[in-house]
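# Examination of the molecular architecture
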Amino acid sequence: MKKTIAVHWQYGISTHSGWYRDKNEDRTLLRIGSSEQGDPYAVAIMADGMGGLGSGAEASEIALSMIKQWMDQTLPSVFAQDQFWDQLDRLLGHLFDEINRRLRSIGQERGGKIGTTLTVLVLYKESYLIHHVGDCRVYYLKRGSRLRLLTEDHSWVSEQVRQGRLSASAAAKHPMRNVLMQCLGVQNQVVALRKRGFYDPFSLFMLCSDGLYHRFRRDQLERLMLRIDRTQTELQEVCAELIAKALDQGADDNMTVLMIRPMKAYSSDKERLKRELTRLYRDSLPETGRKICTYAKYWLNRFVK
């Protein structure tokens, strides 16, 4: 099997329509490139078209087409700007709004609605940014740690679980488990989940649509991803194996999985120090300590400059 390695990243992608679907309305894209400064970045995108609303495949295709155009015209230069993460966060927010308006306009012209979920993961210099609407998922596995789910499903059953009205096991079998509270193209406005954080080299990200993760318990996914580190299995092989296992269980929905692993560290010592202080500031310190850390970061930045 051909190794899927692009110098700085190892990756794998696999998709299937499911046993009983005529077409696959999932769309996925991985863009690997370099900033104007020569630093590598990766953007992983997944969209799951809402077939019940009309042409789900068209909706997910339009979403990816608009993101492709944005990446071609805008993305590389963003990394050259000061406070580029804030700028990227803002631009992605505008892009999600533009896609939502475009899909709503098409639906209104046809006297109906077309919609899609959309999840975007940006990786750059050991930091990540996620913008997410719908029920695709992003998982993260750091070496020596447990599997983390970085996104929240914008579904009716997930909201019931968060409010304590349903158990996770009941939600997995509930007849309304495919009902979404948010997707692009349906509501006048969407409120995307936005998340920023840090990752370590040789850690692993996985994006997947609901047709795939509904076929596996979380501990099953974790064991499979841990096996990758132990055996150095190719990510393309693992993605294909996940799809095959889901089909063996009678998967009846479109399903897609994308895995990506950074192969090196890219941050400077200065950036690493800032990152660790930010991690401490966000995750470890109580409110009073955070105020102290704010002053410490201010004076550290002045000293480093």
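Details of the structure are given in the entry above.
Presented here is an overview of the structure given in this document.

Procedures and definitions
- Residues numbered from 1 in each chain as written.
- Predicted model: local features only at pLDDT ≥ 70, side-chain atom pairs only at ≥ 80, totals over all residues.
- Heavy atoms only, no water.
- Core = buried A, V, L, I, M, F, W, Y, C linked by side-chain atoms within 4.5 Å.
- Buried < 20%, exposed > 50% of the residue type's maximum accessible area, 1.4 Å probe, protein only.
- Helix = DSSP H or I, 4+ residues; strand = E, 2+ residues; numbered from the N terminus.
- Contact = heavy atoms within 4.5 Å.

## Some remarks on the nonpolar core
With 36 residues, the main nonpolar core has I45, L88, I99, L118, V120 and V122 as its most contacted residues. Every element with two or more residues in this core is listed here: β3 (40–48), α1 (56–73), α2 (75–78), α3 (84–110), β4 (118–124) and β5 (127–133). Considering each element in turn, this core owes the most residues, 10 residues, to α3. In this structure, F216, A246, M255 and M259 belong to the second largest nonpolar core, which totals 24 residues.

## Some remarks on the environment of M46
Relative to the helices and strands, M46 resides in strand β3. Ignoring any residue separated from it by four or fewer positions in sequence, one finds M46 in contact with R27, T28, T117, L118, T119, C136, L207, C208, S209, T256, V257 and L258.

## Structural notes on unusual backbone geometry
The backbone of Q83 shows a phi angle near 55°, a positive value even though the residue is not glycine. Mapped onto the elements, Q83 comes out in the loop between α2 and α3. Backbone geometry at K125 places phi at a positive 50°, although glycine is not the residue there. Examined against the element boundaries, K125 turns out to sit in the loop between β4 and β5.

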